[in-house]
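Next come the chains, spelled out residue by residue.
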Amino acid sequence: AAIFYILEHMRKGTRIMAGLLSLFNKKKPREPRCSAVIVAAGSARRMEGIDKVLAPLGELPVLVHTLYAFQDCPAVEEIVVVTREDLLVEAGRLCKEFAFDKVTKVVVGGAERIHSVQAGLREVSPQAELIAIHDGARPLVSQEVIGEAVSAAAATGAAAAAVPLTDTIKRGAEGRAAETLDRNALWAVQTPQIFEAGLIRGAVQKALDDGEALTDDCGAVERLGMPVTLTRGSRENIKITTPLDLLIGEAILRARGEGLL
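Residues numbered from 1 in each chain as written. Predicted model: local features only at pLDDT ≥ 70, side-chain atom pairs only at ≥ 80, totals over all residues. Heavy atoms only, no water.

Peer 1: Is there a simple way to explain the pattern of salt bridges in this structure?
Peer 2: If the charged atoms of two oppositely charged side chains come close together, the side chains can form a pair. Scanning the model with the defined rule gives 13 salt bridges in all. Asp51 is the salt-bridge partner of Arg84, the closest N and O atoms lying 2.6 Å from each other. Note that Arg84 is positioned in the loop between strand E4 (76–83) and helix H3 (88–97) and Asp51 in the loop between strand E1 (34–40) and strand E2 (56–57), a separation of 33 residues in sequence. With a shortest N-O distance of 2.8 Å, Arg223 and Asp210 are connected by a salt bridge. (Salt bridge = Lys/Arg side-chain N within 4 Å of Asp/Glu carboxyl O. Helix = DSSP H or I, 4+ residues; strand = E, 2+ residues; numbered from the N terminus.)

Below, the structure written as structure tokens:
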């Protein structure tokens, strides 16, 4: 009887141990394959003759900062850079010089942003499950901002980084303030904007077919009735649009280097 008792408890112990081991050995859910399209094909009309994606920010060009953010992101497997024809050679040279091995293509964009996005989407790997679209002129995006948007897009199909507005917003009409809008319901949408691959491809094509020259990728998806999840953006994730933005970017870089941000 004593031997039977011992053997029975040994069998129970084995089952318990096997159960515990199965918990530890469970594979984590595989992260969806995410490709990034970096749109850097703008004309920089407001930069007073400075090419914003090649302008120096700290010791590196703006575009290099942007590419480092996605090169260093574990969730991103591939990067496609879309630029102007006159910047094609220089953008390709920078990718080689800084060893951005995730960059698979550097291609020419179109007349409008939506055409540049479509050019990038055409070059993304067919295996990509998510596609992140990011402004080449947003060089200070953080890993946290990218990661949260990727996770939300994986769960919901569409996500974009955004920050709540802090200014009072007026709707104008004929040069006069016609209405004060409720800023609590308003957000400034940034990039990255990340989507299920088939969704964004179809949405962009539909917008083009309908003649909609959208300036925001979320808008293409929203036209199909698909909601976009807003994730936490950052005040540091500025877009370089004017020479003043370069000065602000320099200040952000210095503050980061000093551990203030």
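Peer 1: Mind showing me how you'd approach the nonpolar core here?
Peer 2: A general feature of soluble globular proteins is that nonpolar side chains tend to end up buried together. Leu67, Phe70 and Ile79 are the most contacted members of the largest nonpolar core, which totals 32 residues. No other element matches the 6 residues that helix H5 (residues 143–156) contributes to this core. Leaving out residues up to four positions away in the same chain, Ile79 has contacts with Ala36, Ile38, Leu67, Phe70, Gln71, Lys102, Val103, Thr104 and Lys105. Val80, Val82, Leu121 and Ala207 belong to the second-largest nonpolar core, a separate cluster that totals 26 residues. (Core = buried A, V, L, I, M, F, W, Y, C linked by side-chain atoms within 4.5 Å. Buried < 20%, exposed > 50% of the residue type's maximum accessible area, 1.4 Å probe, protein only. Contact = heavy atoms within 4.5 Å.)

Peer 1: Could you clarify how one ought to interpret unusual backbone geometry in this entry?
Peer 2: Keep in mind that most residues, glycine aside, have a negative phi and that most peptide bonds are trans. Look at the link from Thr191 to Pro192: it is a cis peptide, with omega at 15 degrees. Inspection of the secondary structure assignment puts Pro192 in strand E10 (residues 187–196). The phi angle at Ala99 is positive, at roughly 55 degrees, despite the residue not being glycine. Structurally, Ala99 can be placed in the loop between H3 and strand E5 (103–108). Positive phi values are uncommon outside glycine, yet Glu174 reaches one of about 55 degrees. Looking at the secondary structure, you find Glu174 in the loop between strand E8 (169–173) and strand E9 (176–181). The class for Glu174 is exposed, based on a relative accessible area of 84%.

Peer 1: It is not clear to me how the pairing of E4 should be interpreted in this structure. Could you clarify?
Peer 2: Within a regular beta strand, the side chains point alternately toward one face of the sheet and then the other, so they alternate between its two faces. Most of E4 sits out of view: 7 of its 8 residues are buried. Bridging between E1 and E4 involves 7 bridges; their strand directions are parallel. Across the sheet, Ala36 pairs through a bridge with Ile79, a residue of E4. Pairing analysis gives 5 bridges linking E4 to E5, with the strands arranged parallel. Paired with Thr83 across the two strands is Val108, which belongs to E5. This β-α-β element, E4 to H3 to E5, shows right-handed connectivity. (Pairing = 2+ DSSP bridges. Right-handed = clockwise from strand over helix to strand, strands pointing away.)

Peer 1: How do you make sense of the packing of aromatic side chains when you look at a structure like this?
Peer 2: As enumerated under the stated definition, the model contains 3 aromatic pairs in all. Ring geometry for Tyr68 and Phe98: centres 6.2 Å apart, planes at 80 degrees, overall edge-to-face. Remark: Phe98 occurs in the loop between H3 and E5 and Tyr68 occurs in helix H2 (residues 62–71); sequence separation between them is 30 residues. Using a relative accessible area of 30% as the deciding quantity, one classes Tyr68 as partly exposed. Summarising the aromatic geometry, the rings of Phe98 and Phe100 are spaced 6.1 Å apart at their centres and angled 20 degrees between planes, so their arrangement reads as stacked. Its relative accessible area of 3% is what places Phe100 among the buried residues. Counting every residue linked through ring pairs, the aromatic cluster contains Tyr68, Phe98 and Phe100. (Phe/Tyr/Trp six-rings, centres within 6.5 Å; stacked < 30°, edge-to-face > 60°.)

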